[in-house]
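# A closer look at the structure
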Amino acid sequence: MALKETDSSKLLMAVVCLVSVCSSVPISDLLDRASQGSDKLHALSTTITQDLNSHFPPIGRMIMPRPSMCHTSSLQTPSDKQQALQVSESDLLSLARSLLQAWSDPLLVLSASANTLHHPEQTSISNKIQELQLHSKSLGDGLDILSGKMGPAAQNISLLPFSGRNDIGQDRISQLINFNFLLSCFRRDSHKIDSFLKVLRCRATKTQPQMC
């Protein structure tokens, strides 16, 4: 328990330091830090998915909503690296920030739902969801600083309201299906965020497009 509190304190300390000193850090360095943060975010969401799938009912895979039902699916984003390379740096950062901000409320739902999730790995999943929230907040703070350095277009945010319920169901099957669906949406978006930031980092270092 003490170790967990120490880790959380270190992360929060890093956020404070990020906000206070990053205004003097070059954009390329900020992008490097941001891409490292987004990589951790996506990796953590993948780990939680693996934990959840260890005891996921087969019927759940058959009736789980399609990805097009994710609340962020209306946002038009590049579908691959080649398309991302055609988008301006400011617009690409705006897309990453829009996706990340859209998960502020849904992550609260996941966190609250994880506390009562009927799953053998419930405690581990709940703890990792809390880590996910902290990493998301830290990355969001960093991207806010970046947007201030990259001009007005980077500061634009596309609002993607979450209209889902605050609870994910009462029975075990409904809980697992709805939790897994929401998590799968986050994992998909965290991959997009990570991909966009890695393209931005590559472009900031003046690397040839084909090498990004």
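Below is a summary of the structure that appears in this document. Model, not experiment: these values are computed from the prediction.

### Side note on the overall build of the protein
- Check the secondary structure of the protein and you find eight helices and zero strands.
- A buried classification covers 46% of the 212 residues belonging to the protein.
- In the protein, once contacts between residues fewer than 6 apart in sequence are set aside, the share between residues at least 24 apart is 85%.
- On the protein, roughly 11100 Å² of surface is accessible, and the fraction owed to carbon and sulfur atoms is 55%.

### Considering the packing of helix α2 (residues 27–53) against helix α8 (residues 172–204)
- One way to put it is that α2 packs onto α8 with a least axis distance of 8 Å and a crossing angle of 155 degrees. Classified by the angle their axes make, α2 and α8 are roughly antiparallel. You can see that α2 and α8 cross each other, and the crossing is left-handed.
- Of the residues contributing to the contact of α2 with α8, the split by class is 13 nonpolar, eleven polar and six charged.

### Description of the state of the cysteines
- What the rule picks out here adds up to one disulfide.
- A sulfur-sulfur separation of 1.9 Å characterises the disulfide bridge that pairs cysteine 70 with cysteine 185. When the S-S torsion is -80 degrees, as for the bridge of cysteine 70 with cysteine 185, the disulfide is left-handed. Taken together, the positions of cysteine 70 in the loop between α3 (58–63) and α4 (81–84) and cysteine 185 in helix α8 put the pair 115 residues apart, joining distant regions of the chain.
- You can call cysteine 70 buried: its relative accessible area is 5%.

### Details of the pattern of salt bridges
- In total, this model carries eight salt bridges according to the counting rule given.
- Measuring nitrogen to oxygen at the nearest pair gives 3.6 Å for the salt bridge that ties lysine 198 to aspartate 39. A residue pair is termed long-range when its members are at least 10 positions apart, and lysine 198 in helix α8 and aspartate 39 in helix α2 qualify at 159 residues.
- Across the pair aspartate 189 and arginine 188 runs a salt bridge whose closest N-O atoms are separated by 3.9 Å.
- Its relative accessible area of 0% is what places aspartate 189 among the buried residues.
- Overlapping salt bridges, with partners in common, bring together Asp39, Asp194 and Lys198 in one network.

### Overview of the packing of aromatic side chains
- Scanning the model with the defined rule gives one aromatic pair in all.
- Aromatic pair tryptophan 103 and phenylalanine 186: ring centres 5.3 Å apart, planes at 90 degrees, arrangement edge-to-face. Taken together, the residues tryptophan 103 in the loop between α5 (89–101) and α6 (104–114) and phenylalanine 186 in helix α8 connect sequence positions 83 residues apart.
- Residue class for tryptophan 103 comes out buried when judged on its relative accessible area of 1%.
- On the basis of relative accessible area, phenylalanine 186 is assigned to the buried category, the value being 2%.

Scoring rules and cut-offs
Residues numbered from 1 in each chain as written. Predicted model: local features only at pLDDT ≥ 70, side-chain atom pairs only at ≥ 80, totals over all residues. Heavy atoms only, no water. Helix = DSSP H or I, 4+ residues; strand = E, 2+ residues; numbered from the N terminus. Buried < 20%, exposed > 50% of the residue type's maximum accessible area, 1.4 Å probe, protein only. Contact = heavy atoms within 4.5 Å. Areas by Shrake-Rupley, 256 points an atom, 1.4 Å probe, with all protein chains shown as cover. Axes fitted to C-alpha atoms, helices over the stretch in contact; angles between N-to-C directions. Parallel < 35°, antiparallel > 145°, perpendicular 65-115°, else oblique. Left-handed = near helix turned anticlockwise from the far one by under 90°. Nonpolar A, V, L, I, M, F, W, Y, C, P; charged D, E, K, R; others polar. Disulfide = S-S within 2.5 Å. Salt bridge = Lys/Arg side-chain N within 4 Å of Asp/Glu carboxyl O. Phe/Tyr/Trp six-rings, centres within 6.5 Å; stacked < 30°, edge-to-face > 60°.

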